[in-house]
Amino acid sequence: MSTTTDTDVLVIGAGPTGLLLAGDLAAAGIGVTLVERRPHTLGNLTRAFGVHARTLEQLDARGLADELLATGTTLTHMRLFSRLDLDLTRLDTRFNHLLVTPQYEVERLLERRAATAGVTFRYDTELRGLHQDADTVTADLTGPDGPLTLRARHLVGTDGVRSAVRSALGLPFPGRAAIRSIVLADVRLAKEPAEPFTVSGSGDTFAFLAPFGDGWYRVMGWDRTRQVPDSEPVDLDEVRDITRRALGTDLGMHDARWISRFHSDERQAPAYRVGRVFLAGDAAHVHSPAGGQGMNTGLQDAANLSWKLVAALRGEAPDAEALLDSYQSERHPVGAAVLRSSGAIVRLAMAHTPLTRAARSLATRLLNAIPPATSRAMGAISGIGIAYAPAPGTHRPSGRRAPDVRLREGRLYELLRDGDFVLISPEGAPPTLPPTAPVTLDHLTRATWADPAKRATVLVRPDGYVFSADH
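The paragraphs below set out a description of the structure included in this document. Treat the numbers as computed from the prediction; the structure is a model and nothing was measured. (Residues numbered from 1 in each chain as written. Predicted model: local features only at pLDDT ≥ 70, side-chain atom pairs only at ≥ 80, totals over all residues. Heavy atoms only, no water.)

## Observations concerning the overall build of the protein chain
Regarding its fold elements, the protein chain presents eleven helices and 25 strands. With 471 residues in all, the protein chain has 56% of them scored as buried. Considering only residue pairs separated by 6 or more positions, the protein chain has 70% of its internal contacts joining residues 24 or more positions apart. Surface summary for the protein chain: the accessible area is close to 19400 Å², and the carbon and sulfur share equals 51%. (Helix = DSSP H or I, 4+ residues; strand = E, 2+ residues; numbered from the N terminus. Buried < 20%, exposed > 50% of the residue type's maximum accessible area, 1.4 Å probe, protein only. Contact = heavy atoms within 4.5 Å. Areas by Shrake-Rupley, 256 points an atom, 1.4 Å probe, with all protein chains shown as cover.)

## Examining the sheet that holds strand 23 (residues 445-448)
Pairing between the strands of a sheet is mediated by backbone hydrogen bonds and can be parallel or antiparallel. One open sheet holds the four strands; their spatial order is 23-22-24-25, and the pairing between them is mixed. In this open sheet, the two edge strands, each paired with only one partner strand, are strand 23 and strand 25 (466-470). Across this sheet, the average inter-strand angle for adjacent strands is 15°, counted without regard to direction. Where strand 22 (residues 422-425) and strand 24 (residues 457-460) come together, three bridges link them in antiparallel fashion. Across the sheet, Val422 pairs through a bridge with Val460, a residue of strand 24. (Pairing = 2+ DSSP bridges. Axes fitted to C-alpha atoms, helices over the stretch in contact; angles between N-to-C directions.)

## Side note on the environment of Ala402
If you trace the backbone, Ala402 turns up in the loop between helix 10 (371-382) and strand 20 (406-407). With 65 residues separating them along the chain, Ala402 and Phe467 place their C-alpha atoms 9.5 Å apart. The contact partners of Ala402, leaving out residues within four places of it in the chain, are Leu412, Tyr413, Val460, Gly464, Tyr465 and Val466.

## A closer look at the sheet that holds strand 7 (residues 98-100)
Ordered in space as 3-7-4, the three strands form an open sheet in which the pairing is antiparallel. In this open sheet, the two strands that pair with only one neighbour each are strand 3 (50-51) and strand 4 (73-75). By the bridge criterion, two bridges tie strand 3 to strand 7 in an arrangement that is antiparallel. Along strand 7, the bridge assignment pairs Val51 with Leu99.

## A word on helix 2 (residues 53-60)
A large share of helix 2 lies buried, amounting to eight of its eight residues. Among all positions of helix 2, only Ala53, Arg54, Thr55, Leu56, Glu57, Gln58, Leu59 and Asp60 are buried.

## Let's talk about the packing of aromatic side chains
Scanning the entire structure with this criterion turns up seven aromatic pairs. Between Phe121 and Tyr123, the aromatic rings sit 5.7 Å apart at their centres with planes inclined by 0°, giving stacked as the arrangement. On the accessibility criterion, Phe121 (23% relative accessible area) is partly exposed. When the centroid spacing of 6.0 Å and the interplanar angle of 75° are considered together, the rings of Phe421 and Phe467 count as edge-to-face. Placement of the pair is Phe421 in the loop between helix 11 (412-415) and strand 22 and Phe467 in strand 25, with a sequence separation of 46 residues. In terms of burial, Phe421 and Phe467 fall into one category: buried. Through successive ring pairs, a cluster of aromatic residues spans Tyr272, Phe278 and Tyr327. Over the ring of Tyr465 we find Arg54; its NZ or CZ atom is 4.5 Å from the centre of that ring. Over the aromatic face of Trp449 sits the side chain of Lys454, whose NZ or CZ is 5.3 Å from the ring centroid. (Phe/Tyr/Trp six-rings, centres within 6.5 Å; stacked < 30°, edge-to-face > 60°. Lys NZ or Arg CZ within 6 Å of the ring centre and 35° of its normal.)

Rendered as structure tokens:
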């Protein structure tokens, strides 16, 4: 017996994660309602600003990467602690750089895509509670016209660190404050920095500097001797003082358009799925801004979850529950790894005792001296190195990232823009699918290797990871 619902999927939270997820679902013909407690505005202030290579690949698979590149500045090197130079041009991707662009530019493109695909938006609407049964999730909301109730087959909470969805599920958010009293400013500089992207510290201070485009720079700083609440006022003189002590110069910063003080937590929900409800982005994990991985990790959560929801809702998955469970088993370890890596960067930047500073010096020397170690570090920060290991004794989808190979029909990531699996076969080979594939030959994109010497048959998931490969 079918159950009547108001929408197939209800997404709570219209930040980058929610917008990408909702757009993917709607583009696949799934009914989506996107709820956001804020009014419908796109501001010009943002904390997130870095888009890493793997995220750019995901946006390329949606036809958005090249347009986003035009909005920002690309950096080919990241310098950490004045000694460690990460040469991003060594990454095996057409996006072998870091794109510095404001979060609102990412949101603008994703919102346009979601609206074009048919997502129903409800702004100024807040979740008050939810309950679920075997078939539906019912959300109690409050909007401009008062209380309302929406029913969906699935609900996804992408509503940030203070997630109402996570709270309604009763899920804990264990962790701790990683660093307190961080000052942040968007400024202009009288003098160009020697390195466009830098993180360094003096022991009692550290500072981060990166170009924002159009002459603006993002500065973040921390002072061990001034640990005050987020509500404590901050002015440009404080930002200048921290930067001078950490970097040796404040580069003549002036004309700040935004200054704030905040703290950064390291927290992760123990479960990304509870029945028909999922968590993604900051609702599922939050960590320090070091490495600029926050927004990127959330967007990649959404890319992982969206195609699985599509396959389950279409009835294409041989085992829909196992497929949906794989969101937790694949993305939870990634979130944990990001907490570890971003936390390590912060703790190294904060090193102030002779022992910890010696450890930082040794770590940076080793990374510079051992190219494979440097490559692993860049792969982790950029997302290019993420792979999903198979669980023993299971048939869940798993695999490595698929590079953007040339096919007779075009680049792989161009073919992924249809939102379907891509089956790559040698010329003349009969198409074959593994029995666990949540797709049929009638609902995928078929392609042929441009290189006739390649004889493998490879099935690539819609999120650009290998589902299966016959070598």
